[in-house]
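These are the residues of each chain, in order.
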Amino acid sequence: MSASEPLDAPPDAPLDALVIGAGPGGLTAAIYLARFKRRFLVVHDGESRAGWIPLSRNHPGFPDGIAGSELLERMTAQAQRYGARIEAGRVEALALADGLFTATLEDGRSITARAVLMAMGVLDNAPDLPGVETAIRESLVRICPICDGYEVEGQAVAVIGRDTGGAREALFLTTYTPRVTLVHVGPPHDLPAEERARLERAGIAVIETPITSVVLDNRRIDALVFDGGEPSRFDAVYSALGVTPRCTLAVEAGATLGEDGRLVVGPHQQTTVPGLYAAGDMVRGLNQISTAEGEAAIAATAIHNRLREADGEAG
């Protein structure tokens, strides 16, 4: 019997908690809940964006960087060392009734829990480029200048955007290089005159011709070819098309979304539904591993304390 399955708990008793997602946020929560000796389960679909990262150089504690897949493996081993149960699967529905959450998995199983932590992340709105998912996984197309803008210092960089978000990302990258080009793939009116003026003042060129093909050389994007023009060569290409938070399950359970499409949470990561918590990219737009880990630690501790209070254990 593992540390997360107390001997006095009936097999059919509701779990203390269900964690949905096994990225850095979900696995941090698993480490904490296991060490709190809670009876819980982590369910994940194996699609953590962190696993795509070839080498993260801004995660604290790894001065030479660490691959996203290795970080997930280490965190999984750490959680399991304390008895965490982590299973592959996809939660298809989540409902709340009489103070208990019921999650329905794709295989038809139902899991009942007293609290739920959502750590499902976001889906990237990928550019329309050949083999783009593979390109992102292999870092041919970058998605986070906060994470790795430092590595493109002085290089020629293209930013693919469709609105003011793309303009902001292009401007952000001038922290590292003056050689930035914005490839605007949205309607002209989605890049207002004031944004165009800011880009011009910063020396950022704007291309609004559709991308027709991509030139690969030595396992990197060497050039983007635009309709009717010569190839434009870049050292790095960023996609700034935004993300879609994976909040459908939380909304089904009654949680409220903010204007940015992410979940509204309080200071302890609880959503507007009591007992339903969220951490990471589906809550905050910074999209950083360390942020997800910190929020998950807050949420897991809040879940533990909430259950202690409900059980009359809080002093």
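Residues numbered from 1 in each chain as written. Predicted model: local features only at pLDDT ≥ 70, side-chain atom pairs only at ≥ 80, totals over all residues. Heavy atoms only, no water.

A. A look at the state of the cysteines. Summed over the entire model, instances satisfying the criterion amount to one disulfide. Here Cys144 is linked by a disulfide to Cys147, with a sulfur-sulfur distance of 2.4 Å. The sign of the 75° torsion about the S-S bond sets the Cys144-Cys147 disulfide as right-handed. What makes Cys144 buried here is its relative accessible area of 12%. Given a relative accessible area of 24%, Cys147 falls into the partly exposed group. Unpaired in this structure, Cys247 has its nearest cysteine sulfur neighbour in Cys144, at a distance of 18 Å. (Disulfide = S-S within 2.5 Å. Buried < 20%, exposed > 50% of the residue type's maximum accessible area, 1.4 Å probe, protein only.)

B. Summary view of the environment of Leu15. For Leu15, the location among the structural elements is in strand β1 (residues 15–20). On the accessibility criterion, Leu15 (7% relative accessible area) is buried. Distance in space between the C-alpha atoms of Leu15 and Phe40 is 5.4 Å, their sequence separation being 25 residues. With sequence-adjacent residues up to four places away left out, Leu15 is seen in contact with Arg39, Phe40, Leu41, Arg85, Ile111, Thr112, Ala113 and Arg114. (Helix = DSSP H or I, 4+ residues; strand = E, 2+ residues; numbered from the N terminus. Contact = heavy atoms within 4.5 Å.)

C. Summary view of the packing of helix α5 (residues 164–173) against helix α6 (residues 193–201). Remark: α5 packs on α6, axes separated minimally by 10 Å, with the N-to-C direction vectors making an angle of 15°. Here α6 runs roughly parallel to α5, going by the angle between their axes. Crossing angle aside, the handedness with which α5 passes α6 is left-handed. Residues Thr164, Ala167, Ala170 and Leu171 of α5 touch α6, and the partners they reach there are Glu195, Arg198 and Leu199. (Axes fitted to C-alpha atoms, helices over the stretch in contact; angles between N-to-C directions. Parallel < 35°, antiparallel > 145°, perpendicular 65-115°, else oblique. Left-handed = near helix turned anticlockwise from the far one by under 90°.)

D. Representation of the pattern of salt bridges within the structure. Following the criterion strictly, the structure yields 18 salt bridges and no others. Measuring nitrogen to oxygen at the nearest pair gives 3.9 Å for the salt bridge that ties Arg246 to Glu47. Residue Arg246 is located in the loop between β16 (243–245) and α7 (248–252), and its partner Glu47 is located in the loop between β2 (40–44) and α2 (68–81); the two are separated by 199 residues in the primary sequence. Relative accessible area serves as the criterion here: at 16%, Arg246 is assigned to the buried category. Owing to a relative accessible area of 41%, Glu47 belongs among the partly exposed residues under this scheme. Between Arg284 and Glu295 there is a salt bridge; the shortest N-O distance is 2.5 Å. Linking Arg284 in the loop between β17 (276–278) and α8 (289–310) with Glu295 in helix α8, this pair joins segments that are 11 residues apart in sequence. (Salt bridge = Lys/Arg side-chain N within 4 Å of Asp/Glu carboxyl O.)

E. Spatial organisation of the layout of surface pockets. Its volume calculated, the second largest pocket comes out at about 710 Å³. In terms of lining residues, the second largest pocket is bounded by 29 residues, among which Glu169, Ala240, Gly242, Gly285 and Asn287 are the most central. Put simply, the parts of the chain that give the lining of the second largest pocket at least two residues each are α4 (145–148), α5, β15 (236–240) and β16. Sort the elements by how many residues they give to the lining of the second largest pocket and α5 lands first, with six residues. Tallied by class, the residues present in the lining of the second largest pocket amount to 13 nonpolar, eight polar and eight charged. (1 Å grid on protein atoms, 1.4 Å probe; cavity = no way out; pocket = protein on both sides within 12 Å on 5 of 7 lines; lining within 4 Å. Points joined across faces, edges and corners; volume = space filled by probe spheres on them. Nonpolar A, V, L, I, M, F, W, Y, C, P; charged D, E, K, R; others polar.)

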